[in-house]
Amino acid sequence: MDGIEATGESIGYRPVSKLAVAAVIAGLVSSLALASPMLWVLPLVGVGLAVAGLADVSTSGAEKAGRSLALAGLALSVGFGAQAVTSTVASRWIMQDRARSVVEAWLGSIRDGRLSDAQAMVTSDMVGPEQAAAAHAGHDHEHEVAEKMMEAFLKVPAVAAIQACGPGAAWEIQGTGPDATAVGAWGAIARLSPCAGGRSVEIALQLTPTVIKERGGRVERWMVTKADLVP
């Protein structure tokens, strides 16, 4: 039989390397890295344990087994780690692209005079809670409230600045990634030029995606929650 010598001596038992066992366990746990970038350290730990396990069983005259376990742990850690990074980068790119598209549509609505469309893309936080409350106070008819809300919307400094730039202004939109001030929100910077006096206007925007129910099913709708002029 292969690997057995007829020496009459008993076959020696080699214990499995604890590092190799830990490596394969860490490799399996590395799947949690898919849930959050904060857990990306798990694949790194798995790779470290796998390398240590391979060293533990590969030395000359090694008395421990477990090379296959260490290799399996290495493959799992590298695989889950690479998948976590790739999926996060792809998801971030998709979200930033959607945020830029929403900003572009919003700016276009204001530039083209489709103010009702532009207003429909913002939340009440855009005009401020006090202005929103004032628009509803003392007005029983929906059209009166809508008129007051539109007045408040047009008084937002960023909106007024966009209108002042006129239809000839070009814009450049840059996604800034997740907004640290609000869970699930994304940021973007819009630069418009030339505006009055040949200067440029820069606006920092916050956008929040929400899932709403429609007849065709659930759809994702993005809203502009903040638009602040950058000094």
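Everything quoted here is computed from the prediction, not taken from an experiment.

Novice: Any chance you could break down the layout of surface pockets for me, citing the residues and the numbers?
Specialist: In this structure, the largest pocket spans a volume of roughly 160 Å³. Lining the largest pocket, in full, are Ala33, Leu34, Ala35, Ser36, Pro37, Thr88, Arg92, Pro178 and Trp186. Partitioning the lining of the largest pocket into residue classes produces 6 nonpolar, 2 polar and 1 charged.

Novice: Tell me what's going on with the pattern of salt bridges, and back it up with residues and numbers.
Specialist: Side-chain pairing between opposite charges can occur once the charged atoms of the two side chains come close. Enumeration over the complete set of coordinates arrives at 8 salt bridges. A salt bridge links arginine 100 to aspartate 97, with the nearest nitrogen and oxygen atoms 3.6 Å apart. With a gap of 3 residues between them, arginine 100 and aspartate 97 both fall in helix H3 (residues 67-111), about one helical turn apart. Take arginine 100: its relative accessible area is 22%, and that puts it in the partly exposed class. We note a salt bridge from glutamate 220 to arginine 98, for which the minimum N-O separation is 2.8 Å. Of this pair, glutamate 220 sits in strand E4 (residues 217-229) while arginine 98 is found in helix H3, placing the two residues 122 residues apart along the sequence. Here the salt bridges share partners, and the residues they tie into one network are Arg111, Asp112, Arg114 and Asp117.

Novice: So what about a nonpolar patch on the surface? Which residues, and what values?
Specialist: There is a patch of nonpolar side chains on the surface, built from Val16, Val21, Ile25, Val29, Leu32, Met38, Leu39 and Leu69 and spanning about 660 Å² of accessible area. Counting residues per element, the nonpolar patch draws most heavily on helix H1 (residues 18-29), which supplies 3 residues. Locating isoleucine 25 in the fold gives a position in helix H1.

Novice: Tell me what's going on with the pairing of strand E2 (residues 186-193), and back it up with residues and numbers.
Specialist: The buried fraction of E2 amounts to 6 of the 8 residues, a majority that puts the element mostly inside the structure. Examined bridge by bridge, strand E1 (residues 170-178) and E2 share 8 bridges and lie antiparallel to one another. Residue pairing across strands places glycine 177 opposite glycine 187, the latter belonging to E2.

Novice: I'd like a description of the packing of H3 against helix H8 (residues 157-165), backed by residues and values.
Specialist: Between H3 and H8, the shortest axis-to-axis distance is 9 Å and the interhelical angle comes to 65°. Considering the relative orientation of H3 and H8, their crossing is right-handed. Touching Trp106, Leu107 and Ile110 of H3 are Val159, Ile162 and Gln163, all from H8. Of the residues assigned to the contact of H3 with H8, the class counts are 5 nonpolar, 1 polar and no charged.

Novice: Give a description of the nonpolar core that names residues and reports values.
Specialist: Counting 38 residues, the largest nonpolar core has Trp106, Phe153, Leu205 and Leu207 as its most contacted members. At 7 residues, H3 tops the list of elements feeding residues into this core. Setting aside its immediate chain neighbours within four residues, tryptophan 106 contacts Ala118, Met121, Val122, Met126, Phe153, Val159, Ile162, Leu205, Val224 and Ala227.

Basis of the calculations
- Residues numbered from 1 in each chain as written.
- Predicted model: local features only at pLDDT ≥ 70, side-chain atom pairs only at ≥ 80, totals over all residues.
- Heavy atoms only, no water.
- 1 Å grid on protein atoms, 1.4 Å probe; cavity = no way out; pocket = protein on both sides within 12 Å on 5 of 7 lines; lining within 4 Å.
- Points joined across faces, edges and corners; volume = space filled by probe spheres on them.
- Nonpolar A, V, L, I, M, F, W, Y, C, P; charged D, E, K, R; others polar.
- Salt bridge = Lys/Arg side-chain N within 4 Å of Asp/Glu carboxyl O.
- Helix = DSSP H or I, 4+ residues; strand = E, 2+ residues; numbered from the N terminus.
- Buried < 20%, exposed > 50% of the residue type's maximum accessible area, 1.4 Å probe, protein only.
- Patch = residues over 30% accessible without salt bridge, like charges linked within 9 Å, V, L, I, M, F, W, Y side chains within 5 Å.
- Areas by Shrake-Rupley, 256 points an atom, 1.4 Å probe, with all protein chains shown as cover.
- Pairing = 2+ DSSP bridges.
- Axes fitted to C-alpha atoms, helices over the stretch in contact; angles between N-to-C directions.
- Left-handed = near helix turned anticlockwise from the far one by under 90°.
- Contact = heavy atoms within 4.5 Å.
- Core = buried A, V, L, I, M, F, W, Y, C linked by side-chain atoms within 4.5 Å.

These results come straight from atomic positions and should not be treated as a statement about function.
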